[in-house]
Amino acid sequence: MSSLTTGLKGRAELGVALLLGAVGVLVFLDANGLVTPYSQSDPVGPKTVPFIVAGLLVACAVLLAVNVIRGGQGEAEGGEDIDLTHPADWKTILPLAGAFILNILLIDWAGWVISGTVLFWGSVLALGSRRYIRDGLISVALSLLTFYGFYLGLGIALPAGLLEGIL
Amino acid sequence: MDVWSSLMDGFATALTPMNFLYAVIGVILGTAVGVLPGLGPAMTVALLLPVTYALEPTSAFIMFAGIYYGGMYGGSTTSILLNTPGESSSVVTAIEGNKMAKAGRAAQALATAAIGSFIAGTIGTALLAVCAPIVVEFAVSLGAPSYFAIMVLALLAVTAVLGSSRLRGFSSLALGLAIGLVGIDSVTGQRRLTFGQPLLADGLDIVVVAVAIFAVGEALWVAAHLRRTPLHVIPVGRPWMGKKDWSRSWKPWLRGTAFGFPFGALPAGGAEIPTFLSYVTEKRLSKHPEEFGKGAIEGVAGPEAANNAAAAGTLTPMLALGLPTNATAAVMLAAFTSYGIQPGPQLFSSQGPLVWALIASLFIGNLLLLLINLPLAPLWAKLLQLPRPYLYAGILFFATLGAYSVNLQAFDLVLLLALGALGFMMRRFGLPVLPLILGVILGPRIEGQLRKSLQLSAGDPAGLWSEPIAVVIYIIVGLILLWPLIFKLVRRNRPAAAGPVPATETGPAAPSGSSAHADLPVHPESAAHPGSTVHSGSGVHADSTARPGSHSHPDSTARPDSPAHADKKETP
């Protein structure tokens, strides 16, 4: 609590409490807006459970805020490939999210083969691989393989998009 | 129903060439992803769900059975060869397993893990085949109030008992329940939390939620903290065991199984508690206690058997009551539902052949695991060296593909990213993932049972405790919720016991319990405060998660709370 860094970390976790509280209020308002006549066959109605969930969310938000202000701290998850000694690396995450969003925007228009290639290639580069050509070839191969695998093996037609007619 | 003849019919179904092939694919796939860091069996099943929609349910579940056991085994390989277990159930295996591997006995460690898993899995599956019909017989007499109570118990137990902070567990559960509310209310047709968005009317697809939280969240989280220095993987040849290893392993295997199955079958299942108990027991009973901490084979054999027996035990409430208690079972439950099959007491009568084929394929999967994994161990070790950019880009790629192929709409990918960001945040701030997933899956079912109960009693809340079983369960729920409070009172009344070793009041297992405190990578404070923040009111010191600075410790992945759980379980 004394050093600046722990203070900052504590404040970041207050965001979690804020999110819980916001979701709680949202659930409450949404349920409150439902109009249902009382029915003998359904005495509970569609509102009761949302109200309980909203209450739980808000209670957790308050308790978590108190806990964080008093110095409590959630333990970040470790793992085989995780090195918690360095702070979150936004230079990796943002390009990664960018590749993901590009895929969402492209998938219906350009088709899976193109958007999937963009997704995989972008992700590999964002994660630090520097063999551009080999990575590109792998990306195209993966996208093509999954496209045909899904179509022929599972009968699921992924969108062909721009390459309609070629594939 | 005659268990034996049903099971034989199940074998007949599971051993048709195609189904057998699916079992083989399942085992190989399950082990491969279990070995790979960042991937667990729950995620594999979630990713494969859309793929298996093209299969018949029976084949799909046969494959899931293979993935389930394969994933468990793969996780232990990783923890033996790398000493950085990804799953909490493999934490204990890593303690002795990695020491053995470092001492040049990796082959024996893998062998005792594989054979122990096989024996425990086989006994566990046999117990499942015997117990499930008994549970079903008991369960058909239960009405909606009892089901409601059992589901509440399962949710609370998983949330309150597992994980290091109860408060964070409940936060995660509440978020999951909120996600589960989205969509059209089945009774009145009202739209809840859809915000006028027609794509949300059918609710969030469980595949999308599971893939987002498990896969996308994990990939983003690892990307943020990717280890830039390559990990040291201990090379291994073909696993084998000497005569002495056999004689030291067989008893721990059986004892581990005895710990694992009942804990797995309880609503607060999970493999953490039985693996820890097994470790402590083996340490106490061993003729070579001095080897513990330096690579004792008993310390691998027992916990590994407990782990796999617990995996089999978990399937008992899943199949007989429709009650999942770990992430994989939860996703499998979602799979059942998506095939239009309702797990629960009626399952054995309505879908008998499918259930027995599933149980039979668990036996087959177990045997395949042994036959395939012993020769393939060196290959799995190589898999650990897959370049990380490819691994995590691949996870994102297949997560996207899996989520998209459910409905073929880009909107699901937006949800995938948003929920993936939620999964990232949960990992960053120590919110456990399991309560959220169970909340999403069980939430709507609980609501259904609640409404059915009160419908029967015409709105009188007393209808909720109109069945004796329900009353008993509410008492247990009360005990779980009040446990930290009771524990505090007991400690206050016995000031002598206060301090870093509360294990002195835990009864018969006390000596081993306290010695384990010293050996495991445990923060003494967290062992002394198994209670957490929800009811204590003084969050400052009681919060076992407040361990700033511990992140750099190589063992920080070992859950600090496991000994605390053990004590909790032993006391009553």
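Residues numbered from 1 in each chain as written. Chains lettered and ligands numbered in written order. Predicted model: local features only at pLDDT ≥ 70, side-chain atom pairs only at ≥ 80, totals over all residues. Heavy atoms only, no water.

Peer 1: How do you make sense of the overall build of chain A when you look at a structure like this?
Peer 2: When helices and strands are counted, chain A shows five helices and zero strands. Along the chain direction, N to C, the helices and strands of chain A fall in the order α-α-α-α-α. When burial is assessed residue by residue, chain A has 44% of its 167 residues classed as buried. In chain A, 55% of the contacts between residues at least 6 apart in sequence involve partners at least 24 apart. Entry remark: accessible area of chain A is about 8,300 Å², with carbon and sulfur atoms responsible for 72%. (Helix = DSSP H or I, 4+ residues; strand = E, 2+ residues; numbered from the N terminus. Buried < 20%, exposed > 50% of the residue type's maximum accessible area, 1.4 Å probe, protein only. Contact = heavy atoms within 4.5 Å. Areas by Shrake-Rupley, 256 points an atom, 1.4 Å probe, with all protein chains shown as cover.)

Peer 1: Quick question: what am I supposed to make of the overall build of chain B here?
Peer 2: Helix and strand counts for chain B stand at 23 helices and two strands. The contacts in chain B between residues at least 6 apart in sequence include a share of 79% that link residues at least 24 apart. Entry remark: accessible area of chain B is about 19,200 Å², with carbon and sulfur atoms responsible for 67%.

Peer 1: When you look at the UniProt feature "transmembrane region" (unreviewed entry) in chain A in this model, what are you seeing that I'm missing?
Peer 2: UniProt feature "transmembrane region" (unreviewed entry): in the numbering of this structure it lies at residues 12–29, 49–69, 90–106, 112–128 and 140–162 of chain A. Across residues 140–162 of chain A one finds 65% helix and 0% strand; the C-alpha atoms that close the span lie 15 Å apart. (UniProt positions renumbered as here; feature names shortened; annotations may be inferred.)

Peer 1: Before we go on, may I ask you to explain the interface of chain B and chain A in this structure?
Peer 2: Each partner contributes to the interface: chain B provides 90 residues, whereas chain A provides 81 residues. Carbon and sulfur atoms supply 69% of the area buried between chain B and chain A, which totals about 7,500 Å² over both sides. At the boundary of chain B with chain A, the tally comes to two salt bridges. Linking A:E77 and B:R427 is a salt bridge whose minimum nitrogen-to-oxygen distance equals 3.5 Å. For the side of chain B that touches chain A, the class distribution of residues is 52 nonpolar, 24 polar and 14 charged. (Buried area = accessible area lost by both parts, 1.4 Å probe. Salt bridge = Lys/Arg side-chain N within 4 Å of Asp/Glu carboxyl O. Nonpolar A, V, L, I, M, F, W, Y, C, P; charged D, E, K, R; others polar.)

Peer 1: Looking at this structure, I do not really get the environment of B:T44. What am I missing?
Peer 2: All names here are of chain B. Tracing the backbone shows T44 in helix α3 (residues 41–52). Sequence separation of T44 and G30 is 14 residues, and the distance between their C-alpha atoms is 7.2 Å. In this structure T44 touches V33 and I67, once residues within four positions along its chain are discounted.

Peer 1: Quick question: what am I supposed to make of the pattern of salt bridges here?
Peer 2: Two side chains with opposite charge may pair up if their charged atoms get near one another. Going through the model one piece at a time under the given rule, you end up with 11 salt bridges over all chains. For B:R168, the salt bridge goes to A:E13, with nearest N and O atoms at 3.0 Å. Of this pair, B:R168 sits in helix α7 (residues 166–181) while A:E13 sits in helix α1 (residues 4–32), on two different chains. Classification of B:R168 as buried rests on a relative accessible area of 0%. Put simply, B:R192 and B:E447 hold a salt bridge, and the shortest N to O gap is 2.8 Å. Remark: B:E447 occurs in helix α17 (residues 434–456) and B:R192 occurs in strand β2 (residues 191–192); sequence separation between them is 255 residues. Note on accessibility: B:R192 and B:E447 belong to one class, buried.

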